[in-house]
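# Architecture and fold: a report
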2 protein chains.
Amino acid sequence: MAQLKGRVTIPTDSNMKEEIKKVIDTWGADALRDCDGTKLSQDIVDLGVKLYSTYLTVRSDQQWARENQDELQQLYLMSEPVISKSEELEISILKGYYGKQFRIDTVHDEKEWWEVIDRTTGKIISTDNWSFNKEKGIVKVKNILPWHEYTVNFLVYMIWDPTQMYNHITNDWGDKSHEMPYDCRQPKTNKHVKEALKKWMEENPEVNVVRFTTFFYHFTLCFNEVAKEKFVDWFGYSSSVSPLALKQFEEEKGYKLRSEHIVDKGYYNSPFRVPSKEFKDYVDFQSKYVAGLAKELVDICHQNGKEAMMFLGDNWIGTEPYGKYFPSIGLDAVVGSVGNGATMRMIADIPGVKYTEGRFLPYFFPDVFNETGDPVGEARQNWLQARRAILRKPLDRIGYGGYLGLAVKFPEFVKQVENICDEFRNIHETIKETKAYTAPFKVGVLNCWGKLRSWQTNQVAHALWYKEIYSYIGIIECLSGMPVDVEFISFDDILENGIPTDLGVIINAGDAYTAWSGGEYWKNPKILSTVREWVTNGGGFIGVGEPTAIHHENRFFQLADVLGVDKEVGFSLSTRKYNELEPYHFITEEIGEASIDFGEGMKGVFGTGDNYQVIRKDFGNEACLNNKFRGDTTFAVNTYGKGRSVYFAGFPYSPQNCRLLLRAIYWAVNKEEDMKNWYVTNIYTECAAFLEVNKMAVINNTEEERTTDVYMNGENVKTLTLAPMEIKWLDIN
Amino acid sequence: MAQLKGRVTIPTDSNMKEEIKKVIDTWGADALRDCDGTKLSQDIVDLGVKLYSTYLTVRSDQQWARENQDELQQLYLMSEPVISKSEELEISILKGYYGKQFRIDTVHDEKEWWEVIDRTTGKIISTDNWSFNKEKGIVKVKNILPWHEYTVNFLVYMIWDPTQMYNHITNDWGDKSHEMPYDCRQPKTNKHVKEALKKWMEENPEVNVVRFTTFFYHFTLCFNEVAKEKFVDWFGYSSSVSPLALKQFEEEKGYKLRSEHIVDKGYYNSPFRVPSKEFKDYVDFQSKYVAGLAKELVDICHQNGKEAMMFLGDNWIGTEPYGKYFPSIGLDAVVGSVGNGATMRMIADIPGVKYTEGRFLPYFFPDVFNETGDPVGEARQNWLQARRAILRKPLDRIGYGGYLGLAVKFPEFVKQVENICDEFRNIHETIKETKAYTAPFKVGVLNCWGKLRSWQTNQVAHALWYKEIYSYIGIIECLSGMPVDVEFISFDDILENGIPTDLGVIINAGDAYTAWSGGEYWKNPKILSTVREWVTNGGGFIGVGEPTAIHHENRFFQLADVLGVDKEVGFSLSTRKYNELEPYHFITEEIGEASIDFGEGMKGVFGTGDNYQVIRKDFGNEACLNNKFRGDTTFAVNTYGKGRSVYFAGFPYSPQNCRLLLRAIYWAVNKEEDMKNWYVTNIYTECAAFLEVNKMAVINNTEEERTTDVYMNGENVKTLTLAPMEIKWLDIN
């Protein structure tokens, strides 16, 4: 039986009223939600909890979809590149795509909306030199250069909603009909969705919270010809286009977009691409529209006495929660999936809503809730990674999704979640809406996206593991639970406003030429000069992987002078590097010469200048070990005027790396002596001091017992032993 | 006692006539040479062998150097980059360089010959805005942008010959005077070196071979302020410049070179840089001059009845042995150090000389010839790696260098070299100047340098190990002893003449953007089209590391279509890659699923298109192993029209990789059935068939016994067991 009540949402299930009641009591839940395949049944409306109902804005009315196929959603696709062997070429444009997902747009004039491009030269083929055969789905190109590579940017209609398609195929739903998403920007549909919502209001009086899943445009998700994922970009705007939108864009922004501005060589403006002005304009254009219409729907909810909650996912394109239009939607709440600390912060930090809710893992699905699965272990890991972030900026509510009937078959899991719910409520109860102590300076994460993509850096799909990103994601994952305030800033911010005065440290983390590192921005003298001056005057700079990287003149890392390291890309092999290892430093005080996890690491990095110290190296192989100067630098520091910098070859999340980053930040900002104000010495523990309520939380981030010294107000006040996963609340005197 | 005599040169030593006589007998030597620190003494002129004498063209007369300091050699240096903190800056231009090696040129007008460059923008600072303080060695710059980085390209005189400096410092020669190199292009010196040689002729009648070490300009070798190597480029032309040379360049080529064309952002035109037109012109200009003057010196030798031999090293700049001017020098011979098979071929293949000689390892120096050293082991390894290449194109002579007195203290070593000398002479005796069977197609190695840098690809310093290159050097090292004829071709060759008709396979191996991979050339549609058409029609393409790489449009590997692989650089992470491992292939027939050494490997490579097969992957870590689609492709093949391609992530030298490359070549060219014409099945053995003399050599490339099947004329004729290191000569019936 829960000690405290509330702040917890649970999923419903069919014909389980008694079990639901029991779980409500055990977990102290105060809200029930439906989910895919379950419905809020009438028998639960009297349970005395809030009821959330999923609302699918653009695919709930399939009759509408079928009858208004000219208003289905559209997207731009690029045909698979084909090499021409002569001066003529036939391109089967839908080759490689899933035929059941797309229908080629034969409504709008292809000569106006499509582009055939010679990818060998990047040049557009004149519309006189190609024609489209509607019957065969083939573009015939003539008068072209042989042995060049050609593609077609073309428009399709989306004839199967990606989320339904995904669930349909994954769960083998057989002949269940395919849902087609309609486009709210189209005049008839625009009117219809508002009317439909109003009607739904009347039909669902028992619902307290309308959980929009979501608004209007799905992130980009394309399947291939064997019905598997071909392209998935959780941030992708490609599925939000239409000739109408492009015309309205032209009216609003004063210039015409090309299909190529959306297709972007087939990269479709992945967040890893340094965004073009055109794409940034398009994001702004679409976000403004989405916010405007979403507000109308939210208003309808409010007029009917219901709250409006947005699910951060699925059809969330255009609702950028850190964008300037988002608060104007007037949502009551946002709910999202919590994969770790960073995704927790992504939800919890969203401005302009009354409350936030995190859906924790595991999802109550048969893939985990079976004999070989480990739902308890998953719940613990999820909670451990989220909890440290919750102490920084708590979600208002937590919850679970899936089929409740599955979960209740696992009593240990039920017990574990009970503990989690109690611990979560106890945090709120203790801190009383106050904020934990943070350093007297902010940490800025610098990339091309800045605030717009807060807590979303270096991500491909939501919280999924990729070999190419885990070595960077550790940065925001560590930061999510650290006693520092984090600001996400963009290069454009620096160009327009300089570096915010409250920043103590700037972090630049990513692969060369990506939007996270910065690419072309690092050739901009104003960026370079601004950062150099700022560091010289005492700023701290932390680079991870390939920071400030673009090959230009005599450097690969353009701020090699600030970083004290550069990367060998082959041109300066003739210059000898005398890098010797000096493993001891303030940053490594607690770990000594222990090995550090740099993830994928980085080849060819070496110390340069007069003021660097190489703290770790990857010697790689024996031939390297024979020579103390050999090996790739994986961790180095540098002094630069009054400022300092730190370089890491990679930075996956781990408790050890959390501590290293905290120390790196305090060292970089030249405030080592302030670090131990509120501090625990064991790297597997962390603390959060709530000075306004005189409470300090000490958490054990592992499933083993840990002992740590505790510093309060700069004094080592006691030694504490924490049980596995324990959170202890200490009084501050 | 040697069974055969001749073809062997040994070093002399002081007061050791009897020992020398014994070694001459044991090794069958027919020539004696002096070396650093030893002189040909009068008592050995009657030993009945040829006498080689080292001749230092540009530093033997130090009185001349002292008296003509306006004609000392010069070079361009770039000052270490400095960040300006205001609109003015003082740059101490020689900072970071070794003061005893260089003297700033205060003779020529700095405003004419130097450049101050803003490296943040790449722009030249107007000469009005800087001045040079001769006394302080400082360049003062004004009216500049703060927080930009500035450098000065400036001229210095070389006041210490790099080779003498290196030996002086390494061997602690104390107050032995510093030798200064003089510049033969200067009018007085030009005349002097010829007169000095004539005089030397008269004074050294006993010498048979003048061993030039070498001609006029040293490769670039700069020391830093603590007298250690700062910059070393065995191919570097920076030390061959002077205002006079630059003026003559302008007259000859019709345009003026900038200092920056030599300084090249501080990379000094490393061979890894895609060479500019200007630098290629300069190499041509300097090579032409060097060849002309060298011919005059060679003529003097001939007029005095002596042979002229060039040492391929030290002051060899301008003598590019595969350049168009080299044969015109009229040298009798070239001698060079043999570090492995590729350096052996670099010497043995040189055109336009009567004979070639390889100096084998180890050098008779105390660093190896001591109680802990392993001279026998080094000699064996050196011979094993060179022998397989000798069977393809033998050197005419071999030899050793250093102090003979050291070697004779190691009787096992003396015995080992006796075996080597006998085996070497026996090869010549058996093959009677005929050439071993090679495949009926050539293998082309494609890079920016082509023929000019035959057998010199991907090298930094001569035969030295670098982490960044060993994964590429394996290609030429394997090729050096393989039964294929190799042609080094450049992108310019393809642009001018297309692909040679006798090529069966093209290999492109190197890091992205380097001259070995090709950089900007891979954006040239003519290169792409030519290669695509050629492969489509049956050509074979082998890529190693980052072949055809430059980010452009939708590709990183521009010939991803041909290769069947591309490299993920972050922009297409949203595109799913379904690469499954299929380890069995014709190429891996003899090794099955055994692991393969790809050296440093390559991150992010994945199969693409419809026709690839991924043969090996690097799964990297556990998170990768959980998913069969994850991991970096390290070895893949592709079919492309009638052609085929093979990709390797890296290719260090090993017997296994030799075999893989042979099989990759035969597979790529679609002639698998011809591979076993003359063949041995054990991968630690190789064979060379000399059809004109009906002999086939089978060699054991290891120090263990090996058994192999032997194919002759396509038939498996016998099983053979070879002793460690053995060479067996079989009769061909």
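The name recorded for chain A in an unreviewed UniProt entry is 1,3-beta-galactosyl-N-acetylhexosamine phosphorylase, from Clostridium tarantellae.

## What about the sheet that holds strand β2 (residues 31–33) of chain A?
All names here are of chain A. The eight strands lie next to each other as β1-β2-β3-β13-β16-β17-β18-β19, forming a closed barrel whose pairing is parallel. Averaged over all adjacent pairs, the angle separating strand axes in this sheet is 25°, with direction ignored. Across three bridges, strand β18 (residues 355–359) lies against strand β19 (residues 397–399) in parallel orientation. Pairing of E357 across the sheet is with R397, part of β19. Contacts from helix α8 (residues 277–303) reach β13 (209–212) and β16 (307–311), with the element oriented near 140° to β16.

## Topic: the domain arrangement of chain A
Residues and elements named next belong to chain A. With domains assigned, chain A is organised as domain 1 (8–58 + 186–235 + 274–431), domain 2 (442–669) and domain 3 (678–731). Each of domain 1 and domain 3 has a C-alpha centre, and these two points are 32 Å apart. Counting from both sides, the interface comprises 14 residues of domain 1 and, opposite them, 16 residues of domain 3. Taken together, both faces of the contact between domain 1 and domain 3 bury some 1300 Å²; the carbon and sulfur share is 63%. Area buried by domain 1 at its contact with domain 3 is led by L384, R387 and L391, which between them contribute 39% of it. Across the pair R388 and E686 runs a salt bridge whose closest N-O atoms are separated by 2.5 Å. Summed over the shared surface of domain 1 and domain 3, the result is six residue pairs in polar contact (both at pLDDT 80 or more). Of all the secondary structure elements, the ones that give two or more residues to the side of domain 1 that touches domain 3 are α10 (375–390) and α12 (411–431).

## Overview of the packing of aromatic side chains
All told, the structure shown has 101 aromatic pairs over all chains when counted by the stated rule. On the basis of an interplanar angle of 75° and a centroid distance of 5.7 Å, the ring pair of Y55(B) and F212(B) is categorised as edge-to-face. One end of the pair, Y55(B), is in strand β3 (residues 50–55); the other, F212(B), is in strand β13 (residues 209–212), with 157 residues separating them in the sequence. In terms of burial, Y55(B) and F212(B) fall into one category: buried. Taken together, W27(A), F360(A), F364(A), F369(A), W383(A), Y400(A), F410(A) and F413(A) form an aromatic cluster joined through their ring pairs.

## Some points on helix α12 (residues 411–431) of chain B
In this model α12(B) runs 30 Å from its N-terminal to its C-terminal C-alpha over 21 residues, within 8% of the 30 Å that 1.5 Å per residue would give. Positioned one or two residues after α12(B), K432(B) has a phi angle of 50°, which is positive.

## Quick word on the sheet that holds strand β34 (residues 706–712) of chain A
Pairing is antiparallel in the open sheet, where three strands are placed in the order β31-β34-β35 (chain A). Edge positions in the sheet fall to β31 (679–680) and β35 (715–722) of chain A, since each of these pairs with one other strand and no more.

## Focus on the pairing of strand β28 (residues 612–618) of chain B
All names here are of chain B. The buried count for β28 comes to five of seven residues, which makes it a mostly enclosed element. Relative to strand β29 (residues 632–640), β28 runs antiparallel, the two sharing six bridges. From the neighbouring strand, K617 faces β29, where its bridge partner is T633.

## Focus on the relation of the copies chain B and chain A
Each copy of the sequence occupies a distinct position, and chain B is placed on chain A by a rotation of 180° and an axial shift of 0.0 Å, giving an RMSD of 0.0 Å. Viewed as a symmetry operation, the transformation between the two copies matches a two-fold axis. The C-alpha atom lying nearest the rotation axis in chain B is that of K603(B); the distance is 5.1 Å. Interface overlap between copies is the fraction of interface residues in one copy that are interface residues in the other; for chain B against chain A it reaches 100%, indicating a shared surface.

## A closer look at the packing of helix α13 (residues 470–480) of chain B against helix α18 (residues 655–668) of chain B
Residue and element names in this part refer to chain B. One way to put it is that α13 packs onto α18 with a least axis distance of 9 Å and a crossing angle of 80°. Viewed along their axes, α13 and α18 adopt a mutual orientation that is roughly perpendicular. Of α18, the residues touching α13 (which contributes I475, C478 and L479) are N657, C658, L661 and I665.

## Quick word on empty space enclosed by the protein
It is a probe the size of a water molecule, rolled over the atoms, that shows where empty space is left. Enumeration according to the criterion identifies twelve cavities of 30 Å³ or more in this entry. When its volume is computed, the largest cavity comes out at roughly 180 Å³. Lining the largest cavity are 19 residues, and of these P483(B), L662(B), Y679(B), E686(B) and C687(B) sit closest to its centre. With five residues, the top contributor of residues to the lining of the largest cavity is α18(B). For the lining of the largest cavity, the residue count by class is 13 nonpolar, three polar and three charged. The two domains that each donate at least three residues to the lining of the largest cavity are domain 2 (442–669) and domain 3 (678–731) of chain B. By volume, the second largest cavity is sized at about 120 Å³. Lining the second largest cavity are 15 residues, and of these P483(A), R659(A), L662(A), E686(A) and C687(A) lie nearest its centre. When residues of the lining of the second largest cavity are traced back to their parent elements, those giving at least two are α18 (655–668), β31 and β32 (685–690) of chain A. The element best represented in the lining of the second largest cavity is α18(A), accounting for four residues. Its residues placed into classes, the lining of the second largest cavity shows ten nonpolar, two polar and three charged. Of the domains in this structure, domain 2 (442–669) and domain 3 (678–731) of chain A are the two that each give at least three residues to the lining of the second largest cavity.

## Let's talk about the interface of chain B and chain A
Taken together, the contact pairs 66 residues of chain B with 66 residues of chain A. Across the chain B/chain A interface, buried area totals approximately 6100 Å², and carbon plus sulfur atoms make up 52% of it. On the chain B side of the interface with chain A, the three residues burying the most area are W147(B), E553(B) and F571(B), jointly 13% of the side's total. The interface formed by chain B and chain A contains twelve salt bridges. Residues R119(B) and E553(A) are paired through a salt bridge, measuring 2.7 Å at the closest nitrogen-oxygen approach. Counting the contacts that link chain B with chain A gives 34 residue pairs in polar contact (both at pLDDT 80 or more). Among the secondary structure elements, those contributing two or more residues to the side of chain B that touches chain A are β15 (229–233), α15 (525–536), β24 (549–552), α17 (622–625) and β29 of chain B. Top contributing element to the side of chain B that touches chain A by residue count: α15(B), with six residues. In the side of chain B that touches chain A, the residues fall into 23 nonpolar, 18 polar and 25 charged.

## Regarding the UniProt feature "domain: Lacto-N-biose phosphorylase C-terminal" (unreviewed entry) in chain A
When the UniProt feature table is mapped onto this chain numbering, "domain: Lacto-N-biose phosphorylase C-terminal" (unreviewed entry) sits at residues 678–730 of chain A. When the span residues 678–730 of chain A is considered, its composition is 0% helix and 62% strand, and the gap between its end C-alpha atoms is 12 Å.

The rules behind each value
- Residues numbered from 1 in each chain as written.
- Chains lettered and ligands numbered in written order.
- Predicted model: local features only at pLDDT ≥ 70, side-chain atom pairs only at ≥ 80, totals over all residues.
- Heavy atoms only, no water.
- Pairing = 2+ DSSP bridges.
- Helix = DSSP H or I, 4+ residues; strand = E, 2+ residues; numbered from the N terminus.
- Axes fitted to C-alpha atoms, helices over the stretch in contact; angles between N-to-C directions.
- Contact = heavy atoms within 4.5 Å.
- Domains from an automatic or database assignment.
- Buried area = accessible area lost by both parts, 1.4 Å probe.
- Salt bridge = Lys/Arg side-chain N within 4 Å of Asp/Glu carboxyl O.
- Polar contact = N/O pair within 3.5 Å; in protein donor to acceptor, adjacent residues only side chain to side chain.
- Phe/Tyr/Trp six-rings, centres within 6.5 Å; stacked < 30°, edge-to-face > 60°.
- Buried < 20%, exposed > 50% of the residue type's maximum accessible area, 1.4 Å probe, protein only.
- Expected span 1.5 Å × (residues − 1).
- Least-squares fit on C-alpha atoms with pLDDT ≥ 70 in both.
- Parallel < 35°, antiparallel > 145°, perpendicular 65-115°, else oblique.
- 1 Å grid on protein atoms, 1.4 Å probe; cavity = no way out; pocket = protein on both sides within 12 Å on 5 of 7 lines; lining within 4 Å.
- Points joined across faces, edges and corners; volume = space filled by probe spheres on them.
- Nonpolar A, V, L, I, M, F, W, Y, C, P; charged D, E, K, R; others polar.
- UniProt positions renumbered as here; feature names shortened; annotations may be inferred.

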